[in-house]
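Working through the structure, step by step
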Amino acid sequence: MVNEGAGAPRSRRGSHKVVPSSDQDGTGEVPCPSNGTVEVKHIISAKLQLKKKAEHLKADLMRQFDTQVNEFMDSLIEESASLGSSHVSTVFPLSDKEKSKLRHTRPSQGQSKQFVIRRSLLDELFEVNHIRTIYHMFIALLILFIFSTLVVDFIDEGRLVLEFDLLVYAFGQFPLVVVTWMCMFLSTLVVPYVLLSVWAGVYPTSNHRALWTVLAGSLLLLYQGLCLGFLPTYVVLKNGLPPASCFILILEQVRLIMKAHSFIRENVPRVLSLEPNKASKNSLAVPQFTQYIYFLFCIKIKSKSFCSVLGCLFYAYYIFVRLCIPQFRSISMQLFDLRAMVLCVFNSILPGVLVLFLAFFAFLHCWLNAFAEMLRFGDRMFYKDWWNSTSFANYYRTWNVVVHDWLYYYVYRDFLWMTQKRFRAAAMLVVFTVSAVVHEYVLAICFGFFYPVMFCLFMCFGMVFNFVLNDRRKGPIWNVIMWTLLFLGQGVLICLYSQEWYAQRFCPIQEPSFLDLLKPRSWTCTPQTNTAVDAH
């Protein structure tokens, strides 16, 4: 029986000369093998080709499924938003005349931002183990930073050094920061709301509407210029606050100005749409004071998110201690030249990218989600998948959705409305200018010197990349280009601002002229070691 079974395959192989195969690249036929080894190789090759085809088919099906799911979710969000807006319109109905007047006093509200309940993107991605592993890799890198710092300090000092002197210096004069912030916040809590309420109560029934409008607008501008504009800047410059304390005050200054403007901007058209002698509707035109408080601030912070922000602060501390301070302290003692600049930029890419990731995770994810949870604010889309951008135009829209939406609704669209939609390029230029000026203002006040690197990157390279690397650029290569330019830009920022920081301290000018304040000190600084002042 064994010999009979063993002979059967040989008789079958002998009766067939060729075996048809649709998987071959040649004529479609291969010679029949003369032994079992060759036949096994042929079967394995056919199986591998079949497996390769199945993998390609699986990848295509997954891409199609992902595209269909994204389209379905987008349509579902749009439908839910439209249902929500229709519900709001039924709760607060407007007459046809009021709707017509409202359309003439501001841009169409059908294009306004719709808020829907959704989680932040990283919260959803962290549920995938593969993505959460990347988060664990960053934690492991922090542990290595801490361990290397402790080891080096122990070798140099003969003991463990846990002083965190850089953090203590950066957050110096913190009580003054708290007092100044309280004055800013309380004034924002009272002045804009009172001015709007008084104006809304007088405007519909007054015979001098233009006079009341000019008076209220002038008082509002005077308040914003003095209390929100001049006060925090004066406190920072007069007392010489360190960088972190400066950032707290100046960023809160910008936030409160944006909040006050958006509050007035959204509610003034509601008052203008009211008919005369309809005083009963004035209460509906102005939000309740509790709603305004909700709009401005919530005092509680979720402990988990706060711990994440605190962890990011320590992460940034070790990045500067291990990667930035040793490098720039030695570079700043040398004469400025092209070779040192090129090496400085490329050596600054790694700390620059890490600081970028930390700023994104600490503020746009942890900090904003903490306040959203305490306020029970359902729409957590503070950012989108900016890391998948293949164009800088998409990157600008997805990096910081909160600021982008403010610029879009209150700068870009209002500019188009005032110019009858005739100058779209000019509107985009105004948006870039406002963003560049505010960014440079924050850095100049907080660092204590004027060095418009951020402004030039925004207005020159940012504008060019916005048009060259536009939304028509698709494919992985454009994502690689976007990341390469982003990394290079972070290296330029860290390098130039760090060099200027140390140059300002190693080469101080006792009585600088106006030209000295505008000219970068790092271009001409040649410090002497024995006269250099101590700088963090």
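Our structure's up above, just so we're on the same page.
Summarised in this report is the structure supplied together with it. The written sequence of each chain sets the order in which its residues are numbered from 1. Thresholds applied to this predicted model are a pLDDT of at least 70 for local features of residues and 80 or more for the giving and counting of side-chain atom pairs; totals over whole chains, interfaces and linings are not thresholded and use all residues. Side-chain measures were taken over the full set of non-hydrogen atoms in the model, leaving aside hydrogen atoms and water.

Overview of the nonpolar core
Here the nonpolar core consists of buried residues drawn from Ala, Val, Leu, Ile, Met, Phe, Trp, Tyr and Cys, with membership extended through side-chain atoms lying within 4.5 Å. Categorising residues by exposure relies on relative accessible area from a 1.4 Å probe, with only protein chains included: less than 20% of the type maximum marks a residue as buried, more than 50% marks it as exposed, and the intermediate range marks it as partly exposed. Grouped together as the largest cluster of nonpolar side chains are 63 residues, with contacts concentrated most on F360, W386 and Y497. By definition, any uninterrupted DSSP run of H or I lasting at least four residues is a helix, any uninterrupted run of E lasting at least two residues is a strand, and each is numbered from the N terminus. Top contributing element to this core by residue count: helix α19 (residues 476-506), with 12 residues. In what follows, a contact means two residues having at least one pair of non-hydrogen atoms within 4.5 Å. In this structure Y497 touches E440, L443, F447, F449, Y451, P452, V453 and M454, once residues within four positions along its chain are discounted.

Examining unusual backbone geometry
In this structure, Q420 takes a positive phi of about 60° despite not being glycine. Residue position: Q420 is located in the loop between α16 (401-418) and α17 (424-447). What makes Q420 exposed here is its relative accessible area of 57%. Located in the positive-phi region is K421, a residue other than glycine, with phi close to 60°. Relative to the helices and strands, K421 resides in the loop between α16 and α17.

Looking at the packing of helix α7 (residues 174-202) against helix α8 (residues 209-239)
Packed helix pairs are characterised by how far apart their axes lie and by the angle those axes make with each other. Angles run from 0 to 180 degrees between N-to-C directions of axes, and those axes are lines fitted to C-alpha atoms, restricted for helices to the stretch in contact. At a minimum axis distance of 10 Å, the contact between α7 and α8 shows a crossing angle of 175°. Our classification of the angle between α7 and α8 gives roughly antiparallel. Residue-level contacts link L176, T180, C183, M184, S187, T188, V191, P192, L195, W199 and V202 of α7 to W212, T213, A216, L219, L220, Y223, C227, L228, L231, P232, V235 and N239 of α8. The residue inventory of the contact of α7 with α8, partitioned by class, reads 18 nonpolar, five polar and no charged. Throughout, the term roughly parallel applies to angles under 35 degrees, roughly antiparallel to angles over 145, roughly perpendicular to angles from 65 to 115, and oblique to all others. When residues are sorted by character, Ala, Val, Leu, Ile, Met, Phe, Trp, Tyr, Cys and Pro go into the nonpolar class, Asp, Glu, Lys and Arg into the charged class, and all the rest, Gly among them, into the polar class.

Let's talk about the side chain of S245
As for its placement among the helices and strands, S245 is situated in helix α9 (residues 243-272). Residue S245 is classed as buried on the basis of its relative accessible area of 0%. Residues within four places of S245 in sequence aside, it is in contact with A170, F171, G172 and V177.

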